[in-house]
Amino acid sequence: MLKGKVALVTGSTSGIGLGIARALAGQGADILINGFGDAQQIERLRRELAAAHGVRVLYSAADMSKPEEITEMIERTTAGLGRVDILVNNAGIQHTAAVEEFPVERWDQIIAINLSAAFHAIRAALPQMKARNWGRIVNIASTHGLVASAHKVAYVAAKHGILGMTKVVALETATTGVTCNAICPGWVLTPLVQKQIDDLAASRKIPAEAAKKELLGEKQPSHEFATPEQIGALAVFLCSADAAQIRGAALPVDGAWTAQ
Ligand code: NAD
């Protein structure tokens, strides 16, 4: 379905971003992967993705907290793979603390990576999408774009912000072949969430398995994690022709978390 298209997925060396990169490559899209990690492992991943799906895969180590590196990554993708048709703004980090104890540098970092990076990437990629009259922008927000939880002030502010950004871009592209939407996952078992499980287990002195159950039980009525594959499948659907009139939407994949 996506043969001939080029997709750039930020934060795709792990977790949800990797699930999305795999799903898009599975549909024949050439991919630029981005994110941190061990250089050899990333190179293995790059080769594996390319070989498994017969697509071209490039890697960029651009740091999403640095606007000039984001612009450069869009330019590199365009030079190396010919274009950017699909932009998935996924890179994100978390930090938990009460508002009055929240470290200022962590606030700045979360706003930069989870919110501003999407603005810089969209700003740089949109002109070529508009020029070809086809594009798909998928922002990975969160249930925390729709509702809040204590101790996540920067994350919740950034995710609410990205839903606002999604709506503005959708309005500005409404009469074009470019769409912009957000996916709002609930709990997905990735390294980002594993850290929160480990922290909960340590603070409550309970086994990791019990902490996992407690985390799910508190927020996610299905009591099951969503998976990177499920988020990837929704991203693929948003890239399809059938999704051409889904615009400015915030789509939860959250086991009924935000139904409450
Ligand atoms: P993860 O930690 O598994 O992956 C994060 C990715 O972002 C990694 O590839 C990492 O290298 C990359 N990254 C981090 N900082 C970066 C930077 N400065 N520059 C470039 N890349 C950077 O986390 P995940 O759970 O897969 O999260 C991915 C996205 O999904 C995030 O935006 C997160 O907020 C969102 N999300 C996750 C969940 C969940 O339950 N896991 C729920 C809702 C939303």
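Because the structure is predicted, anything quoted here is derived from the model rather than measured.

Cut-offs applied
Residues numbered from 1 in each chain as written. Predicted model: local features only at pLDDT ≥ 70, side-chain atom pairs only at ≥ 80, totals over all residues. Heavy atoms only, no water. 1 Å grid on protein atoms, 1.4 Å probe; cavity = no way out; pocket = protein on both sides within 12 Å on 5 of 7 lines; lining within 4 Å. Points joined across faces, edges and corners; volume = space filled by probe spheres on them. Helix = DSSP H or I, 4+ residues; strand = E, 2+ residues; numbered from the N terminus. Expected span 1.5 Å × (residues − 1). Buried < 20%, exposed > 50% of the residue type's maximum accessible area, 1.4 Å probe, protein only. Arc of directions from axis to C-beta. Domains from an automatic or database assignment. Contact = heavy atoms within 4.5 Å. Buried area = accessible area lost by both parts, 1.4 Å probe. Disulfide = S-S within 2.5 Å. Core = buried A, V, L, I, M, F, W, Y, C linked by side-chain atoms within 4.5 Å. Lys, Arg positive; Asp, Glu negative; His and termini not counted. Salt bridge = Lys/Arg side-chain N within 4 Å of Asp/Glu carboxyl O. Polar contact = N/O pair within 3.5 Å; in protein donor to acceptor, adjacent residues only side chain to side chain. Axes fitted to C-alpha atoms, helices over the stretch in contact; angles between N-to-C directions. Parallel < 35°, antiparallel > 145°, perpendicular 65-115°, else oblique. Left-handed = near helix turned anticlockwise from the far one by under 90°. Nonpolar A, V, L, I, M, F, W, Y, C, P; charged D, E, K, R; others polar.

(A) Representation of empty space enclosed by the protein within the structure. Considering all chains together, one arrives at one cavity of 30 Å³ or more under this definition. Counted as a void, the largest cavity has a volume near 80 Å³. Lining of the largest cavity is provided by Thr10, Met64, Asn89, Asn90, Ala91, Ile113, Asn114, Ala117, Ala118, Ile140 and Ile162. Looking at the lining of the largest cavity, the element that brings in the most residues is helix H4 (residues 104-132), giving four residues.

(B) Summary view of helix H2 (residues 39-53). Between the first and last C-alpha of H2 there are 21 Å, a value that for 15 residues agrees with the 21 Å anticipated at 1.5 Å per step. Within H2 the residues assigned to the buried category are Ile42, Leu45, Leu49 and Ala50. Along the long axis of H2, the arc covered by the buried residues comes to 125°, so they all point the same way. H2 presents Gln40, Arg44, Arg47, Ala51 and Ala52 as exposed residues on the side facing more than 90 degrees away from its buried surface. Just downstream of H2 lies Gly54, where phi reads positive at about 60°.

(C) Main features of the domain arrangement of the protein chain. Domain parsing of the protein chain yields domain 1 (6-188 + 226-254) and domain 2 (189-225). The straight-line distance from the C-alpha centre of domain 1 to that of domain 2 is 25 Å. Contacts between the two partners involve 15 residues from domain 1, matched on the other side by twelve residues from domain 2. With both sides pooled, the region where domain 1 packs onto domain 2 buries about 1100 Å², and carbon together with sulfur makes up 57% of that total.

(D) The state of the cysteines, seen in detail. Per the counting criterion, the structure on display carries zero disulfides. Lacking any disulfide linkage, Cys184 is separated from the closest cysteine sulfur, that of Cys180, by 12 Å. In this structure Cys239 is a free cysteine whose sulfur lies 12 Å from that of Cys180, the closest cysteine sulfur available.

(E) A look at the nonpolar core. The biggest cluster of nonpolar side chains holds 37 residues, and the ones touching the most others in it are Met64, Met129 and Ile137. Taken together, the elements giving at least two residues each to this core come down to strand S1 (6-9), helix H3 (67-81), H4, helix H5 (153-172) and strand S6 (178-185). Looking at this core, the element that brings in the most residues is H4, giving eleven residues. Beyond its immediate chain neighbours, meaning those up to four positions away, Met64 contacts Thr10, Asn34, Ile70, Met73, Ala91, Ala112, Ile113 and Ala117.

(F) Summary view of the side chain of Asp254. One can find Asp254 in the segment after strand S7 (250-253). Here Asp254 is buried and forms no salt bridge, its nearest opposite-charge partner Lys219 lying at an N-O distance of 11 Å. Here Thr258 takes part through its side chain, which lies 2.6 Å from a polar atom of the side chain of Asp254. Among residues more than four places away in sequence, those in contact with Asp254 are Thr143, Cys184, Pro185, Gly186 and Gln220.

(G) How the structure looks around the packing of helix H1 (residues 15-26) against helix H8 (residues 228-238). At a minimum axis separation of 8 Å, H1 and H8 run at an interaxial angle of 50°. Classed by the angle they form, the pair H1 and H8 counts as oblique. As H1 runs across H8, the sense of the crossing is right-handed. Facing H1, whose interface residues are Gly15, Ile16, Gly19, Ile20, Ala23 and Leu24, H8 presents Pro228, Ile231, Gly232, Ala233, Ala235 and Val236. Considered class by class, the residues forming the contact of H1 with H8 number nine nonpolar, three polar and no charged.

(H) Geometry of the packing of helix H6 (residues 191-204) against helix H7 (residues 208-219). Remark: H6 packs on H7, axes separated minimally by 8 Å, with the N-to-C direction vectors making an angle of 110°. Classified by the angle their axes make, H6 and H7 are roughly perpendicular. Between H6 and H7 lies a crossing of right-handed hand. Of the residues in H7, those touching H6 at Val193, Ile197, Leu200, Ala201 and Arg204 are Ala208, Ala211, Lys212, Glu214 and Leu215. Taken together, the residues that form the contact of H6 with H7 break down as seven nonpolar, no polar and three charged.

(I) Spatial organisation of the environment of Gly4. Mapping Gly4 onto the fold places it in the segment before S1. Considering only alpha carbons, one finds Gly4 and Asp85, 81 residues apart in sequence, at a separation of 9.4 Å. Residue contacts for Gly4: discarding those within four places in its chain leaves Gly28, Arg83 and Asp85.

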